[in-house]
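Listed below, chain by chain, are the residues.
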Amino acid sequence: MMGRTHFQVGILSYVLASTVPHIANLPVIGGGRGEINIAAACIAGAAALMADVDSQHSKINQMNPVVGSANKLVDTGEDILKRLLSIIFTLGIGSGILFFRSDIIKMLWYFDKIKPYAEGITYGAAAFFLILGVCGREGTRVLTKLPLIGNIYTGITTGINKGSALLKRMMMIIIYGGAGLWIIGYNASHGKDPYLYLVGALFIAAVIFPHRSFFHSIEGFLIFTAAVSYLSNRIGYPEFRYAFMIGYISHLYFTDIFTKEGVPLSVLPRILEKIGLHKRLRKFKLYSLLHQVLSIRLRVPLISTGTKLGNIFEKGYVLTLLVTSIVSFVIFDGSIKLI
């Protein structure tokens, strides 16, 4: 689902979990207080975005000032290159035809059938490309449909898109991987706190694992929650861990489970396959059975993210949760505090 939907569902899931008695009575939620903590609700919303931290296109990375700024810089460079390319293939070609018009006309004279129209064809082609350049995006759209020249232009722009995506990924590796290595190195030299090793490892995992793998699995949820629990205890607000748990779970099992891709039951099969242990262990029947079970992807494929029907479903889903949250808050006499 879209990032904004994850954020909204994360907050509303926290509100429901905090106000519905049978859920709020659980010690891990709130001990039955029926209390909504504004700061905790914001954490739940942020946690609902964290599962997408491994994608450079995700909402959480757009909000991250470091990664977001790096991505904007790459996007700006990409736009400049595409604009220059468009100018070259429109105004550039048109100007080139005019500059070499005499030579072009002479070449066209070799063809008897078009010799009488040589000048008209030359000046007409120049005018056509110059007009495309002046028309901006519409001109570029027409350019892509031209035979040969359009194919060359599209091929180059595709290369620019791939280069931009690769550069964004490299920036993520440098930022998250560098931060993770620094935390681990600093902790090894000073505190040697095992939980800080875990925090550093999470930063590195964000650039090692592909999207919808580790951070969309139960293992990713448990490890991330352990790290956040440590940090929330350090700042003196241990209750924030529960808000994080609810928000993160909402991403996996309240939203992404409705997409065609679903979420993995476990990331262990993928890890074992990547490190080569799967080939050695698959001869054992018990392992093969466990591998088959853990490889299941949990999904109720109702939508495709980004489609018109998908957007309608997401808005309806959020609206339903919002109404339910308001009703729950009113019926069960919920209360609100800032922090």
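Going by the structure above, here's the rest.
Residues numbered from 1 in each chain as written. Predicted model: local features only at pLDDT ≥ 70, side-chain atom pairs only at ≥ 80, totals over all residues. Heavy atoms only, no water.

## Side note on the side chain of T157
No. 1: Tracing the sequence through the fold places T157 in helix α9 (residues 149–189).
No. 2: Given the relative accessible area of 12%, T157 is considered buried.
No. 3: Setting aside residues no more than four positions away along its own chain, T157 makes contact with K82 and L85. (Helix = DSSP H or I, 4+ residues; strand = E, 2+ residues; numbered from the N terminus. Buried < 20%, exposed > 50% of the residue type's maximum accessible area, 1.4 Å probe, protein only. Contact = heavy atoms within 4.5 Å.)

## Quick word on the packing of aromatic side chains
No. 1: Taken as a whole and judged by the stated rule, the model has 17 aromatic pairs.
No. 2: Each ring, one from Y176 and one from F203, has its centre 6.1 Å from the other, and the planes form 45°; the classification is tilted. A residue pair is termed long-range when its members are at least 10 positions apart, and Y176 in helix α9 and F203 in helix α10 (residues 194–208) qualify at 27 residues.
No. 3: The exposure class of F203 is partly exposed, given its relative accessible area of 27%.
No. 4: An angle of 15° between the planes, with centres 5.1 Å apart, marks the rings of W182 and Y186 as stacked. Here the residue W182 and the residue Y186 both occupy positions in helix α9, the gap between them amounting to four residues, near one helical turn.
No. 5: Accessibility expressed as a relative area gives 43% for Y186, which makes it partly exposed.
No. 6: Clustering of aromatic rings is evident, with ring pairs tying together F209, F214, F215, F221, F224, F244 and Y248. (Phe/Tyr/Trp six-rings, centres within 6.5 Å; stacked < 30°, edge-to-face > 60°.)

## A word on the side chain of S18
No. 1: Mapped onto the elements of the fold, S18 is located in helix α1 (residues 3–19).
No. 2: Judged by relative accessible area, which is 5%, S18 ranks as buried.
No. 3: There is a polar contact of 2.8 Å between the side chain of S18 and the backbone oxygen of Y14. (Polar contact = N/O pair within 3.5 Å; in protein donor to acceptor, adjacent residues only side chain to side chain.)

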